[in-house]
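Tertiary structure, described
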Amino acid sequence: MRFRKNDTITIDEKERLVVEDFLGDGGQGEVYLVSRGGEKYALKVYKNEESADFRYNLKNNIDRGAPSEAFLWPKALLDFDDGKIGYLMDLRPKNYASFVSYLTGKNKFRSKQVLLRWCIELCTAFKRLHELGYSYQDLNDGSFFFDPDTGDLLICDNDNVTADKKNLGILGKMRYMAPEIVRGEQMPDMHSDRFSLAVILFMALCLGNPYEGERLKEYDIIDEDAEYEIFGEKPVFVYHKTDRSNRPIRGYHTSVLRRWAYIPLYVKEAFHRTFVDGLQDRENERTTELEWLKVLTKYRDELIACPYCGHEYIVGFSEKKKYDVCPLCGKETKKFCTLHIGRNAVVLDLGKKLYKNHVDKYSARYNQAVGIVVANKNNPALWGIKLMLPEGVEIKDGENNVKMVTGSGVVPIVSNLKIKFNENIIGEIR
Amino acid sequence: MEKIAKQKLNVIVLVDCSKSMQGERIAQVNRALREIKTHLIEMQGENANVDFYVSVITFSTAAYFLNGERCKGVEDFDFKDIKGGGWSNLHLAYEKLGELLKKESKGGIMPDFGGVAPIVLLMTDGHPTKYPLTEEMAALKKLPWFRVALKYGIAIELNDERTKKVLREFVDGNGDVVDCYDAKLLERIIKIIVLTASKLKSTATSVQAGNTIVQQTQMQVQQALQVVEDWEW
Amino acid sequence: MITYLTRTATGYSHLREKKVCQDYSACYHDEERTIVTACDGHGGATYVRSDRGSKYASDAVIRAFGALERSAFYRYTKKEICNKLRLQILCEWNARVERDIYEKRFTKAEISRLDEEQVFRLKQNPVKAYGTTLQGAMIFANKVLCATLGDGGAFLLRKGVLYPIGGEDDETVANLTYSMSQEDAYEHLQVGIFDFSDIDGVLLCTDGVINPYQCLGNFQERFAKPVCLKLQTGQHREIADFIDEMGCKIGIGDDVSLALAMKSGVSLRGYRS
């Protein structure tokens, strides 16, 4: 360990950092809890001397700032006397749990809505990262954290974010790497990021790896050679439409089997495109962040909760199979009204939200709520959409009666009601 | 033809002997238990599949195994009269029940291999001193033998919704709660429940503790109780 | 030299209800290895094909164990070998069951005794109809390998004493048991590897054999010891007859299966009462 408790580190002869605790040890460096003038931060110190390129990249990133709030970004660079470097960053707030702990079952998202919110945040963060010309390159499950109650996202380990197509020598973690990277044919870039993003989304929604299935039994042991074959050389998606040789193993890959069945068709298609077509054509056939956002918000819009057992499932607009009864308890699905705005169809169940992207076609704010379905306090059978808009809306009912509702008022949920959010956006409840 | 061994069918009775049970109520219970012993011995003789074993847990301020015996073959069981007096610490009875419903190698009375789902009868005239019994109930529900047991509850001259709730929770899933509106009927109700259940379980062709036994018992007990009530009018 | 025996008999409650035998036991033997199995298909109404399930389980064990090469013990750790075998047995069973579901749809006769809800659940998850327990053991390369899932018994024999294989399971009471048809079957399927030099043999049975004896001591003294003695003295016929009698008369009505494999010529001292 480089530092001990109560050591003092001086930066630029101005500031003093006091080492309070040792937080952890990664492959590249050690992380300490330090305090600077009463505030607490995390300090990462690299074990080995890093290249000039690396330092340049780090400094550049620090200067440009974090792409969004979701990134736990380096704040200040530190040069030590022995040529090693480190950086300061904010501490990770205690309410965040690691994505790994979700995969192992230790922590759960409060509900599927919250899980989807996290997924949407993830896609948004990556979209932003790529828009700014960065690529992540070392995407794996250890970098992500979630708040189990709100679905907020925190991305750590941003050391290896670089400009797209530049590479600092880090390849990534085997099961998350795009096959062409595993095979050494390409260096990580935005397209391989998209592949890894799809893997994370698959793991979040299905709790399994998209390439781990029956093929596992062909290997005596899953060592590096086996992993190379399964994830690099001949990856076969577990739900490949025509090649059924690698399906999840019944009795072993329980979660994937259970969950895939209830994922909407359009989400399955998005996965299939990336994991099958995206192997050949890495630039065009990997589902982009924007496409994911459209698909995931559509999924979220369709979710309802069974009033008897609380199980969340989709209404099934685009599905072949019917969701007439709750898949968990078998009781009949309640009838809901749906708000159609543009291409969106939001099923109006209690607690469901309207988001900025519903009322503004060009908005990228998929997680900013502008309305929520509530029940009337005096008559719980009456539902309405409580608005959270800066301006009011005009509503017109089936008999053409027009009324104004203020930006913080409640729109009653009745059939054939039209809601005019602005000149271009008119929604209808059916 | 002699079997390798007859299977054990455990009949476990939890008797509320708090102060309010003194007098007619506890007298009815005592009479019922004595008669049950006689009938079970007879049933055992006619039956090639099972031997009956009886356990009685009495609870007032403390919970005890009657005669200090956790479990005895019905022929050897000695019913000493139970006397009423004290509070109604049902939760202690639950703890004692939990001790019984484990494998013998773990300190209980159920066999290590095989075994038949036991019959458990809980009778009380109300107001458990400790309420709610969430912890104790949860501990019992963890025991597989409790979950498969055929359970009956008798509410003795009870108007208290809380106690009825406790009884319903106890039998949840695998049994019924019977109302005994008049203490004079208590003896007959106890006998009907125990003997009907015992008869059905002991003549079951296999040791499967399936739903059919529960349903059949419920039906037959209901029918028999119907007769009791009709007669009283 | 290994002496071995497997035997299955239908239980009297099955005979009475005209149900097929749902147990299955089998063996495989060559100069290198001996494999024995005893599997118990579940008896409830919805398990309409558990007789096939138990056969597939037995076949899966024989196949998976049979494919193991001696070299594996040098190349991999015990844990790696066990995990690999667990996966292989499960996949093999899955494959057989799925093929059967695909090739042979459920007939009206099969579902005639089920109510609407049971039929619905069966259609949703047809694998359940094949539910079975699994006990299998192989003597090979001076080791004993044992696979176990669900109730029934799997024991190592040493000087007349039975040593249970597989962890203590408090959830297996009455007719609750783990099953190959469970969603998380892999978690409950155990495979162990033991050194054979110190051991006399291995005894597997379904719960119909062990339940009448109610406790281990009783089972050991009144069943295991006499049966092992008979095996050692070449009285295979007598053992088979006793198992048949257990099934049709003196047991608890359940199907019975026994699978036994021992070194020939062990000291009989521990086995005499």
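The residue count restarts for each chain, going from 1 along the sequence in the order it is written. Just so you know, chain letters begin at A and ligand numbers begin at 1, following the order they were written in. Side-chain atom pairs in this predicted model are given and counted only at pLDDT of 80 or more, local residue features only at pLDDT of at least 70, and totals for whole chains, interfaces and linings cover all residues. Just so you know, side-chain values use all the structure's heavy atoms and leave hydrogens and water out.

1. Some words on the overall build of chain B
- The way it works is that DSSP assigns letters per residue, a run of H or I at least four long becomes a helix, a run of E at least two long becomes a strand, and they are numbered from the N terminus. The helix and strand tally for chain B stands at seven helices and seven strands.
- Helices and strands in chain B line up, N terminus first, as β-α-β-β-β-α-β-α-α-β-α-β-α-α.
- All radius of gyration figures rest on C-alpha atoms, and the globule criterion is 2.2 Å times the number of residues raised to 0.38. Taken over the C-alpha trace, chain B has a radius of gyration of 16 Å; the compact-globule value for 233 residues is 17 Å, and the two agree within 12%.
- Structurally, chain B occupies a C-alpha span of about 50 × 45 × 35 Å along its principal axes.
- Buried positions account for 57% of the 233 residues belonging to chain B.
- By definition in these notes, contact holds between two residues if any of their heavy atoms fall within 4.5 Å. A separation threshold of at least 6 residues defines the contact pool for chain B, and within that pool the share at least 24 residues apart is 77%.
- For chain B, the computed accessible surface area is about 10200 Å², with 50% contributed by carbon and sulfur atoms.
- Counted as positive: Lys and Arg. Counted as negative: Asp and Glu, with His and the chain ends omitted from the count. Every charge is mapped onto a representative atom, which is NZ of Lys, CZ of Arg, CG of Asp or CD of Glu. In chain B, 30 side chains carry a positive charge and 31 a negative one; their mean positions are 4 Å apart. Per-residue accessibility, obtained with a 1.4 Å probe over protein chains only, is compared with the maximum for each type, and a residue is labelled buried under 20%, exposed over 50%, and partly exposed between these values. Computed with the Shrake-Rupley method and a 1.4 Å probe, the accessible areas treat only the protein chains shown as cover for residues.

2. Details of the pairing of strand E15 (residues 344-347) of chain A
- DSSP-based pairing: two strands are paired if at least 2 bridges between them are found. As paired strands, strand E14 (residues 338-341) of chain A and E15 of chain A are joined by four bridges and run antiparallel to one another. Bridge pairing in E15 of chain A places Leu339 of chain A opposite Val346 of chain A.

3. Let's talk about the interface of chain B and chain C
- Each side of the interface is counted separately: chain B has 25 residues, and chain C has 30 residues.
- By the criterion applied in these results, polar contacts are pairs of N or O atoms within 3.5 Å in which, for protein atoms, one can donate a hydrogen and the other can accept it, and in which residues neighboring in sequence qualify only through two side-chain atoms. Counting the contacts that link chain B with chain C gives six residue pairs in polar contact (both at pLDDT 80 or more).
- Those elements that place two or more of their residues in the side of chain B that touches chain C are strand E1 (7-16) and helix H4 (144-148) of chain B.
- Considered class by class, the residues forming the side of chain B that touches chain C number nine nonpolar, seven polar and nine charged. Think of it as three bins: nonpolar holds Ala, Val, Leu, Ile, Met, Phe, Trp, Tyr, Cys and Pro, charged holds Asp, Glu, Lys and Arg, and polar takes everything else, Gly as well.

4. Focus: the domain arrangement of chain A
Residue and element names in this part refer to chain A.
- Where each domain begins and ends is defined by an automated method or by a domain database. Here chain A is described as being made up of domain 1 (8-89), domain 2 (97-293) and domain 3 (335-429).
- On a C-alpha basis, the centroid separation for the pair domain 2 and domain 3 is 35 Å.
- Listed as interface residues are seven residues of domain 2 and, on the opposing side, four residues of domain 3.
- Of the roughly 550 Å² buried between domain 2 and domain 3 on both sides combined, carbon and sulfur atoms contribute 48%.
- Our count for the domain 2 to domain 3 interface comes out at two residue pairs in polar contact (both at pLDDT 80 or more).
- Looking at the side of domain 2 that touches domain 3, the elements with two or more residues in it are helix H3 (112-131) and helix H9 (289-302).
- Ranked by residue count, the leading element in the side of domain 2 that touches domain 3 is H3, at five residues.
- Its residues assigned to classes, the side of domain 2 that touches domain 3 comprises three nonpolar, two polar and two charged. Here the quantity called buried area is the total loss of accessible area, with a 1.4 Å probe, experienced by two parts when brought into contact, counted for both.

5. Let's talk about the nonpolar core
- By nonpolar core we mean a set of buried residues, namely Ala, Val, Leu, Ile, Met, Phe, Trp, Tyr and Cys, connected to one another through side-chain atoms within 4.5 Å. In terms of nonpolar packing, the biggest core is built from 141 residues, with Trp118 and Leu205 of chain A touching the most fellow members.
- Among the nonpolar cores identified, the runner-up in size contains 44 residues, and Val13, Phe79, Ile192 and Val194 of chain B belong to it.

6. A look at the sheet that holds strand E18 (residues 383-387) of chain A
Residues and elements named next belong to chain A.
- Pairing is antiparallel in the open sheet, where four strands are placed in the order E16-E17-E18-E21. This sheet does not close on itself; its edge strands, each paired only once, are strand E16 (353-355) and strand E21 (410-412). Going from strand to strand, the sheet's axes swing by 25° on average, the running direction of each strand aside. Simply put, an axis is a line fit to the C-alpha atoms, just over the touching stretch for a helix, and the angle between two N-to-C directions goes from 0 to 180 degrees.

7. Quick word on the interface of chain A and chain C
- With 13 residues of chain A at the interface, the matching set in chain C holds 18 residues.
- Summed over both partners, the interface of chain A with chain C comes to about 1400 Å²; 55% of that surface belongs to carbon and sulfur atoms.
- It is Asp220, Arg250 and Tyr252 of chain A in chain A that bury the most area against chain C; as a group they hold 46% of the surface buried on that side.
- Note on definitions: salt bridges are taken to be side-chain nitrogens of Lys or Arg within 4 Å of carboxyl oxygens of Asp or Glu. Taken together, the links from chain A to chain C amount to three salt bridges.
- Applying the counting rule to chain A against chain C returns 12 residue pairs in polar contact (both at pLDDT 80 or more).
- Taken together, the residues that form the side of chain A that touches chain C break down as five nonpolar, two polar and six charged.

8. Remarks on the packing of aromatic side chains
- For Phe, Tyr and Trp, rings pair up if their centres lie within 6.5 Å, where Trp contributes its six-membered ring, and each pair is then called stacked (planes under 30 degrees apart), edge-to-face (over 60) or tilted (otherwise). Using the criterion set out here, one finds 42 aromatic pairs over all chains in the structure.
- When the ring of Phe99 of chain A is compared with that of Trp118 of chain A, the centres are 5.0 Å apart and the planes differ by 15°; the resulting orientation is stacked. Pair noted here: Phe99 of chain A is in helix H2 (residues 99-103) and Trp118 of chain A is in helix H3, with a separation of 19 residues, a long-range link.
- Look at Phe99 of chain A and you get buried, because its relative accessible area is 0%.
- Ring centres 5.2 Å apart and planes at 85° place the aromatic pair Phe202 of chain A and Phe271 of chain A in the edge-to-face group. Within this pair, whereas Phe202 of chain A is found in helix H5 (residues 190-206), its partner Phe271 of chain A is found in helix H8 (residues 265-280), the two being separated by 69 residues in sequence. Of the two residues, Phe202 of chain A and Phe271 of chain A, neither departs from the other in class, the shared state being buried.
- Among the aromatic side chains, those forming a connected cluster through ring pairs are Phe195, Phe202, Tyr211, Phe237, Tyr239, Trp260, Phe271, Phe275 and Trp292 of chain A.
- Whether a charge sits over a ring comes down to the Lys NZ or Arg CZ being within 6 Å of the ring centre and within 35 degrees of the ring normal. It is Lys331 of chain A that lies over the ring of Tyr308 of chain A; its NZ or CZ is 5.2 Å from the centre.
- Above the plane of the ring of Phe140 of chain C lies Arg33 of chain C, whose end atom (NZ or CZ) is 4.1 Å from the centre.

9. Brief notes about the arrangement of the chains
- Ranking the two pairs of chains in contact by contact count places chains B and C at the top.
- Considering only C-alpha positions, the minimal separation of the non-contacting chain A and chain B is 16 Å.

10. So, the pattern of salt bridges
- Within the structure shown, the criterion is met by 55 salt bridges over all chains.
- We note a salt bridge from Glu157 of chain B to Arg25 of chain B, for which the minimum N-O separation is 2.8 Å. Of this pair, Glu157 of chain B sits in the loop between strand E6 (150-156) and helix H5 (161-171) while Arg25 of chain B is found in helix H1 (residues 24-46), placing the two residues 132 residues apart along the sequence.
- Taking relative accessible area as the criterion, Arg25 of chain B reaches 16% and is therefore assigned buried.
- In this structure, Asp244 of chain C engages Arg7 of chain C in a salt bridge whose closest nitrogen and oxygen atoms are separated by 2.7 Å. One end of the pair, Asp244 of chain C, is in helix H10 (residues 236-250); the other, Arg7 of chain C, is in strand E1 (residues 2-9), with 237 residues separating them in the sequence.

11. Let's talk about unusual backbone geometry
- With omega at 0°, the peptide bond leading from Tyr131 of chain B into Pro132 of chain B counts as cis.
- Unlike most non-glycine residues, Asn6 of chain A shows phi in positive territory, near 75°.
- Along the chain, the position of Asn6 of chain A falls in the segment before strand E1 (8-11).
- Using a relative accessible area of 59% as the deciding quantity, one classes Asn6 of chain A as exposed.

12. Looking at the pairing of E1 of chain A
Residue and element names in this part refer to chain A.
- Going residue by residue along E1, you find Ile9 and Ile11 tucked away on one face and Thr8 and Thr10 left uncovered on the opposite face.
- The pairing of E1 with strand E2 (residues 15-25) spans four bridges and is classified as antiparallel. Bridging across to E2, Thr8 finds its partner in Val18.
- Counted along the chain from E1 to the antiparallel partner E2, the turn is three residues long, and its residue Asp12 has a positive phi close to 50°.

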